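Residue strings, one per chain:
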Amino acid sequence: MFKKEEILDLLFPRRCIGCGFFVAHARWSVPRMWCDVCEQTRRVDLPLEGEREGAPIFSAQNFECAPVASAIHALKYGAYIDAADVCARWIAERCGPRMNAESFSSQCSEIILIPVPLHPTKFRVRGYNQAELVAEQVATHCQSVNQLDMHIGVRTDLLIRTRFSQAQAQSALEDRTTQIAGAFACRQGAEIKNKNALYVVVDDVFTTGSTLSACIIALRDAGAEQLCAVTIASASTSAVTYTTPI
Ligand SMILES: [Zn+2]
């Protein structure tokens, strides 16, 4: 007699989002969409820290780690939106303590996550904004994993993307920086009401940092005083590894 999981394995085989290998249903859950090899590879990879416009940038993983890059690719281009939950858990576990420390040192009363917006044209094509999906899950996981003393929320009404730009992978570094500068603005009428909050820009990959710089500048122009950014992974050559204060 077959067990239910074995029948599911035959009818709807699950594949590791890191390498594509078969993973049995009995071992599958949303936070663990990995084979053991990919999970181990991801775990030994260290988190990375960078800086743009005077704001620290915390990345949960190294984009050089193949299973991590595959998960982000699946989330962005494969419509594999369950991957947002996995990526958000990495941010909560590894960057959450850093966000906590930042808010503590600047005596903030609240953490507000701001996902990097997609241009409306790109949003229509993709159907979702991966940074927004991740930010929503980060807020949930940060509450449970790090037991923050303060409220953590998400705001998608503040930042807008005013210009369409080519995908980062297709642009040379200088072109990218020129292209993206001023591509974000704060929506008219939307306000930075709480000056005592830590505003955290959320993006998928920290590459040149030009997107994060443009978002940080736009939020600062709108009155945000305490700023940092978190990303799922870093591909920046200037980033350095850090250890979370756990
Ligand atoms: Zn795998």
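Position labels on residues start from 1 in each chain and follow its written sequence. For a predicted model such as this one, the threshold for reporting local features is a pLDDT of at least 70, and the threshold for listing and counting side-chain atom pairs is 80 or more; totals across whole chains, interfaces and linings nevertheless cover every residue.

Visitor: Please provide a residue-by-residue account of the pairing of strand β4 (residues 55–62), values included.
Guide: Using C-beta atoms placed from the backbone, we call a residue buried if 20 or more other C-beta atoms fall within 10 Å of its own, exposed if 12 or fewer do, and partly exposed for counts in between. Numbering goes from the N terminus for both helices and strands, where a helix is a DSSP run of H or I of at least four residues and a strand is a run of E of at least two. Summarising burial for β4: six of the eight residues are buried, a large majority. Criterion used throughout: strands pair if DSSP finds at least two bridges between them. Pairing analysis gives five bridges linking strand β3 (residues 48–52) to β4, with the strands arranged antiparallel. If you follow E49 over to β4, its bridge partner there is F58. Where β3 folds back onto β4 in an antiparallel hairpin, the turn is made up of two residues, including E53, whose phi is positive at roughly 55°.

Visitor: Describe the pairing of β3, with residues and values.
Guide: Side chains L48, G50 and R52 of β3 all project onto a buried face; the interleaved residues E49 and E51 project onto a face where none is buried. Direction of pairing for β3 relative to strand β11 (residues 240–241): antiparallel, over a ladder of two bridges. Within β11, the residue paired with E49 across the bridge is V240.

Visitor: Please give an account of the sheet that holds β11 that cites residues and values.
Guide: Reading across from one edge, β6-β5-β9-β10-β4-β3-β11 is the order of the seven strands in this open sheet, with mixed pairing throughout. Single-partner strands in this sheet number two, and they are β6 (151–154) and β11. With six bridges connecting them, strand β5 (residues 110–115) and strand β9 (residues 197–206) associate as parallel partners. Bridging from a neighbouring strand, L113 pairs with V200 of β9. We call two residues in contact when the distance between their C-beta atoms, placed using the backbone, is within 7 Å. Fitted lines through C-alpha atoms serve as axes, helices being fitted only where they are in contact, and the angles separating the N-to-C directions of these axes extend from 0 to 180 degrees. Each of β3, β4, β5, β9 and β10 (226–234) is contacted by helix α9 (residues 210–221), which is oriented at about 160° to β9, the strand it contacts most.

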